[in-house]
Amino acid sequence: MKIRKQFLLLFISTSHLFVYAQNTEPSMFTKEANEQMVKSLPFDNKQDFEDATRGFIATIDEPSIIDETGKEVYGLTVWDFLRQEAPASANPSLWRQGQLNRIHGLFEVLPGKIYQIRGFDLANMTFIRSDNGWIVIDVLLSKETALAGYNLLKKHVEDLPVKAVIYTHPHVDHFAGIDAILENAPNKPETIEIIGPKGFFEDAVSENLMAGVAMGRRATYMYGRSLPKNEKGNIGTGLGQTTAAGTTGLVPPTREISEEGETLRIDGVEIVFMSVPGAEAPSEIMMYFPEMKAFCVAEEINRTLHNLLTLRGAKVRNGQLWSKYIDRAITECGDQVEVSFSTHHWPTWDNKNIVAYWEKQRDLYRYLHDQTLHLANQGYTPREIAEMIKLPSSIANEFANRGYYGTVSHNVKAQYQMYFGWFDGIPAHLNPLPPVEEGKKYVEAIGGEDEVMKKAREAYNQGEYRWTATLLNHLVFANPKHKPARQLLADTYAQLGYQAESGPWRNFYLTGAMELTEGIAGKGKANSNRARMSQNLSPEMLFDLLAIQINGEKAADKDLIINIILTDTNEQATLILKNGALSNRIGRLHPAPTVTLEGDKQVIYASLMQPENIAANLQAHKLSVTGKLESLKELFSTFEAPDAYFNIIEP
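Rules behind the numbers
Residues numbered from 1 in each chain as written. Predicted model: local features only at pLDDT ≥ 70, side-chain atom pairs only at ≥ 80, totals over all residues. Heavy atoms only, no water. Axes fitted to C-alpha atoms, helices over the stretch in contact; angles between N-to-C directions. Helix = DSSP H or I, 4+ residues; strand = E, 2+ residues; numbered from the N terminus. Parallel < 35°, antiparallel > 145°, perpendicular 65-115°, else oblique. Contact = heavy atoms within 4.5 Å. Nonpolar A, V, L, I, M, F, W, Y, C, P; charged D, E, K, R; others polar. Pairing = 2+ DSSP bridges. Core = buried A, V, L, I, M, F, W, Y, C linked by side-chain atoms within 4.5 Å. Buried < 20%, exposed > 50% of the residue type's maximum accessible area, 1.4 Å probe, protein only. Expected span 1.5 Å × (residues − 1). Salt bridge = Lys/Arg side-chain N within 4 Å of Asp/Glu carboxyl O. Left-handed = near helix turned anticlockwise from the far one by under 90°. Arc of directions from axis to C-beta.

### Brief notes about the packing of helix α8 (residues 212-222) against helix α18 (residues 503-518)
Link 1 in the chain: As a packed pair, α8 and α18 sit with axes 7 Å apart at the nearest point and diverge in direction by 100°. If you check the angle between α8 and α18, you find them roughly perpendicular. Contacts from R217, R218, T220, Y221 and M222 of α8 reach α18 at G503, P504, N507, F508, T511, G512 and E515.
Link 2 in the chain: Looking at the contact of α8 with α18 residue by residue, the class counts come to four nonpolar, five polar and three charged.

### Points about the sheet that holds strand β18 (residues 571-578)
Link 1 in the chain: Pairing within the open sheet is mixed, and its five strands lie in the order β19-β18-β17-β20-β21. Both outer strands of the open sheet, β19 (581-586) and β21 (623-627), are each paired with one neighbouring strand and no more. Each adjacent strand pair in this sheet contributes to an overall mean axis angle of 20°, direction not counted.
Link 2 in the chain: Across the sheet, helix α24 (residues 629-637) is in contact with β17 (559-566), β18, β19, β20 (595-599) and β21; its angle to β17 comes to roughly 105°.

### Focus: the nonpolar core
Link 1 in the chain: Core analysis: the largest hydrophobic core is formed by 84 residues, its most contacted members being F120, M125, F127, V165, Y167 and L635.
Link 2 in the chain: Membership of the second largest hydrophobic core comes to 38 residues, among which are F295, Y357, Y365 and V408.

### Concerning helix α4 (residues 143-156)
Side chains three or four residues apart in an α-helix point the same way, a direct result of the helix having 3.6 residues per turn.
Link 1 in the chain: The end-to-end C-alpha distance of α4 is 20 Å, a good match for the 20 Å that 14 residues give at a rise of 1.5 Å each.
Link 2 in the chain: Of all 14 residues in α4, ten are buried; the element is thus mostly enclosed.
Link 3 in the chain: All buried positions along α4 are accounted for by K143, E144, T145, A146, A148, G149, Y150, L152, L153 and K154.

### Some remarks on the pattern of salt bridges
Link 1 in the chain: Scanning the model with the defined rule gives 25 salt bridges in all.
Link 2 in the chain: Of the charged contacts, one joins D48 and R303 as a salt bridge, the two residues approaching to 3.8 Å between their closest N and O atoms. Here D48, found in helix α2 (residues 47-53), pairs with R303, found in the loop between β14 (294-296) and α9 (319-333); they are 255 residues apart in sequence, far enough to count as distant.
Link 3 in the chain: The residue R362 makes a salt bridge to D363 at a minimum N-O spacing of 2.8 Å.

### Digging into the packing of helix α14 (residues 435-446) against helix α16 (residues 465-478)
Link 1 in the chain: Packing of α14 against α16 brings their axes to within 7 Å, and their N-to-C directions diverge by 115°. In this view, α14 runs roughly perpendicular relative to α16, as classed from their interaxial angle. Between α14 and α16 the crossing geometry is left-handed. Here P435, V436, E438, G439, K440, Y442, V443 and I446 of α14 lie close against α16, whose contacting residues are L471, H474, L475, F477 and A478.
Link 2 in the chain: When its residues are assigned to classes, the contact of α14 with α16 shows nine nonpolar, two polar and two charged.

### Quick look at the sheet that holds strand β11 (residues 263-266)
Link 1 in the chain: The strand order β11-β12-β13-β14-β15-β16 describes an open sheet built from six strands, whose pairing is mixed. Edge strands, defined here as strands with exactly one partner in the open sheet, are β11 and β16 (348-349).
Link 2 in the chain: Summarising the sheet, strand β13 (residues 285-289) and β14 pair through three bridges and their orientation is antiparallel. Residue pairing for β14: F289 is matched across the bridge by A294.
Link 3 in the chain: Docked against the sheet, α9 engages β12 (269-275), β13 and β14, running at close to 145° with respect to β12.

### Considering the pairing of strand β9 (residues 193-197)
Link 1 in the chain: For β9, the buried fraction is high: four of the five residues fall into the buried class.
Link 2 in the chain: One ladder, built from three bridges, connects strand β8 (residues 162-166) with β9; its direction is parallel. Residue pairing for β9: I166 is matched across the bridge by I195.
Link 3 in the chain: Here β9 pairs with strand β10 (residues 255-257) via three bridges, running parallel. Looking at the pairing, G196 lines up with E256 of β10.

### Here we look at the pairing of β12
Regular strands have side chains that alternate between both faces of the sheet.
Link 1 in the chain: β12 sits mainly inside the fold: five of its seven residues count as buried.
Link 2 in the chain: Judged from the four bridges that link them, β11 and β12 form a sheet pairing that is antiparallel. Looking across to β12, one finds that I266 is bridged to V269.
Link 3 in the chain: Between β11 and β12, which pair antiparallel one after the other, the connecting turn spans two residues, and D267 there sits at a positive phi close to 45°.

### Observations concerning helix α15 (residues 449-461)
Link 1 in the chain: Over its 13 residues, α15 runs 18 Å from end to end, which matches the ideal 18 Å to within 8%, given 1.5 Å per residue.
Link 2 in the chain: Residues V452, M453, A456, A459 and Y460 constitute the buried set of α15. Projection of α15 onto a plane perpendicular to its axis shows the buried side chains occupying an angular sector of 125°, all on one side. Of the exposed residues in α15, those oriented more than 90 degrees away from the buried face are D450 and N461.
Link 3 in the chain: In this structure, the buried side of α15 is in contact with α1 (28-40), α14, α16 and α17 (483-499).
Link 4 in the chain: Note on α15: the residue one or two positions beyond its end, G463, has a positive phi of about 75°.

### Digging into unusual backbone geometry
Link 1 in the chain: A positive phi angle is found at L140, which is not glycine, with a value near 65°.
Link 2 in the chain: Among the secondary structure elements, L140 is positioned in the loop between β7 (134-137) and α4.
Link 3 in the chain: Relative accessible area serves as the criterion here: at 0%, L140 is assigned to the buried category.
Link 4 in the chain: One non-glycine residue, K293, adopts positive backbone phi at about 55°.
Link 5 in the chain: Looking at where K293 falls in the secondary structure, it is placed in the loop between β13 and β14.

Written as structure tokens, this is what we have:
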């Protein structure tokens, strides 16, 4: 089965950019905090810059990568402002990371054997030279960025048949550029083996589908998509600079790696796979190339502290498991490996350097996991633990372990959540008031809006920005039309953003500041991604997606049984709407349905995802309805479309 351009995960959909008018200057407290950061880390160590530029061959001459219509997909020279020294409006450690991540082009990692495309997207694309062609590891987020990188390889190295594509894991920045390879390799697509971890396809769809709209909205904040790229805006995400736009696709693997230590020889290249599910991704593989003494660490080892709970939203990741996977790599290959390369950032060379780097990444995740439980078992709550845990200097002073993407603060809360859930055990937190009502009560208790503003200004003038944000957040939720509160809260978020070492934290703060003063970029724009994506789902996936669109209160008194027959694929199912819930039975028809819907798969899917299509499909005889047509209208009357532009910084 081949899925092409229609597949576009919602969390990477881009919004329209608009002018960012946040002109807040860094305060004396922000300047001091950023100056202290310079003193606390070894900024005179330039090894990362040497490694990030080592083996450079070439890059493209254009300032950006564009699509067929001339629209920019990914900007390259737009990050050139990072060449200068860090300004007061940016954490110098994050600025340094942006300087490294902006380096772009084709690089030789191992002479004549391994090449990488870096800086063309959030992730990397790697080419392994086989006996008669190329093995490609990960294919970026879009067809356009992957094609630009692939063409660079063909121009400056060699245009050879592609023998295999390997997906390391099911995050969209690693698989969605697949069409660039399949459509432009000199050999036919069907001759290219596609390899991925067991469960890849299901995870690729499910991780970002059911919660896709909410994840997409939050990703706008996390990746700073609406922010300008400048010293007061987006300076990168830490893991890479940003996500590309463009054409996306998904081709499921033709072969899954399901056994631990599974070894394949692909066109003369021996690859030993290491399965590492449940850490950075639900399904993931690392791999060792013994003849090259090269190890692809996938996204398990990075030049940053990664997320144990990504801010855009996903399942919590296990720091203990993550640490054990890294230790397994050390145990099995640590005495041999001479090149370590990742699906983000730049490689590491020489065995001694690699093992030291791997060991500290191992201990980083283990420390966060274990110390969280250590303190939780002494009765501390997640917010307290987040303030208490400090990394040992031997770990914290390494740039590769800094919180450019994940942070100690939100990662320890994630480990607490993994074991104990959202409740911290304090009875007052068992059933708190919702934000608007709570905001109004806080404002009233403090003495009214003027008194809140007075206290907030005092806190702001003393550099107590976290407390200022707390006060003003309550006021904005109590009265979202209070312009002075919105402006001061925007100024507060700007200071917090300027100080943040984490790219996502900076982007969250600055996007919040922007929306407080200018509103939501692209609000009201139609988004058809869900409908397009639904064309490629299994019936069960589609019906589960429909079920989360049900308004339970509207559906509470409905009692409907709908048989579905897909004539071209010989599939059938029953939908049951009862007690406000839509259940499905795959492969079975009910003997006494309220209505039966029959037609080709794509016609049925289009009709269910976009009910306005039903009348036209009936008239064109593409769709057959038996029973009460009115019952379909009843079903659709309970649907509520998701809001891709819901409010975050106000009710």
